[in-house]
Amino acid sequence: MTDKTALVLVDIQNDYFEGGLWPLHNMDTAAANAARLLVKARVAGRIVIHVRHEGGETAPFFRPNSVGAQIHDAVAPLPEEVVVLKHRPNSFHETDLLEHLQAAKITEVQIAGAMAQMCIDATARAAKDFGFEVSVVADACAAKAVDWNGVSVPAPAVMASFMAALSGTYARVIKTDEAA
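Basis of the calculations
- For every chain, the first residue of the written sequence is number 1, and numbering continues from 1 along that sequence.
- pLDDT decides what is reported in this predicted model: residues at 70 or higher carry local features, side-chain atom pairs at 80 or more are listed and counted, and totals for whole chains, interfaces and linings draw on all residues regardless.
- Here the side-chain values reflect all heavy atoms present in the structure, with hydrogen atoms and water set aside.
- Two strands qualify as a pair provided DSSP detects at least 2 bridges between them.
- Strands here are runs of E lasting at least two residues and helices are runs of H or I lasting at least four, both read from the DSSP assignment and numbered beginning at the N terminus.
- Axis lines are fitted to C-alpha atoms, over the contacting stretch for helices. Their N-to-C directions set the angle, which ranges from 0 to 180 degrees.
- Contacts are assigned to residue pairs that have any heavy atoms within 4.5 Å of one another.
- Any residue under 20% of the maximum accessible area for its type is buried, any over 50% is exposed, and the rest in between are partly exposed; the area is computed with a 1.4 Å probe on protein chains only.
- Any angle that is under 35 degrees is reported as roughly parallel, and any over 145 degrees as roughly antiparallel; angles of 65 to 115 degrees are reported as roughly perpendicular and all others as oblique.
- Polarity classes work like this: nonpolar for Ala, Val, Leu, Ile, Met, Phe, Trp, Tyr, Cys and Pro, charged for Asp, Glu, Lys and Arg, and polar for all others, with Gly in that last group.

Draft legend 1. Highlighting the sheet that holds strand E5 (residues 133-142). Within the open sheet, the six strands sit side by side as E3-E2-E1-E4-E5-E8. Their pairing is parallel. With partners counted over all chains shown, the strands left at the sheet margins are strand E3 (82-86) and strand E8 (172-174), one partner each. With strand direction ignored, the average angle separating the axes of adjacent strands in the sheet is 25°. Alignment of strand E1 (residues 5-10) against strand E4 (residues 108-114), held across six bridges, turns out to be parallel. Opposite Leu7, over in E4, you have Gln110 as the bridge partner. Strands in contact with helix H4 (residues 155-166) are E5 and E8; relative to E5, the strand with the most contacts, it is inclined by about 170°.

Structure below.
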């Protein structure tokens with residue numbers, strides 16, 4: 001980590017928790033680890049950017065102006081921290097995330113949040129494509145089980161597959177305890 005590292009927390013929102021419209025496997029653990037990262041970043045004086053996803057009125061989750069679309073209290077932003085609103089998995093797509101990072105002269109991003117197989121994957125790959133050094137904090141991320149072509153893939157296997165695909169080429173995949 002350098003003094004030009006930003007923490008980017010992606011979609012740690014109420015609908016992903018138990019009782020929400022789209023609960024993820026181990027979201028409580030991921031959020032607790034993300035909260036630890038957030039404390040470290042704040043103490044170090046690093047830039048913190050919260051990314052919040054909203055779907056449309058008929059979306060299965062993250063509906064506009066709903067409690068489910070709000071950032072979870074575990075990682076609630078401070079007034080001076082940037083909150084980026086997005087409508088697609090890639091946190092850079094049609095948002096001002098890149099501008100915030102460039103304005104702060106950030107060279108490295110540390111990414112945590114949800115879902116590993118969608119927004120974390122898309123955001124990490126885009127960050128690398130934009131020239132940032134990327135760390136994905138795997139135990140501060142959560143995934144959802146999926147079904148494809150008659151095959152059910154449990155959330156831990158989804159997580160492992162996406163972290164393995166990101167590791168090395170697109171990101172350094174680490175654990176919370178390894179994050180500076």
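Draft legend 2. Seen up close, the environment of Leu78. Checked against the element boundaries, Leu78 lands in the loop between strand E2 (47-53) and E3. Leu78 sits in the partly exposed class, given a relative accessible area of 34%. Separated by 28 residues in the primary sequence, Leu78 and His50 have C-alpha atoms spaced 9.9 Å apart.

Draft legend 3. Broad picture of the packing of helix H3 (residues 116-129) against H4. Where H3 meets H4, the closest approach of the two axes is 10 Å, and the angle between their N-to-C directions is 10°. Between H3 and H4, the crossing angle belongs to the class labelled roughly parallel. Judged by residue contacts, Ala116, Gln117, Ile120, Asp121, Ala124 and Arg125 of H3 engage Val158, Met159, Phe162, Met163, Ala165 and Leu166 from H4. Of the residues in the contact of H3 with H4, the class split is nine nonpolar, one polar and two charged.

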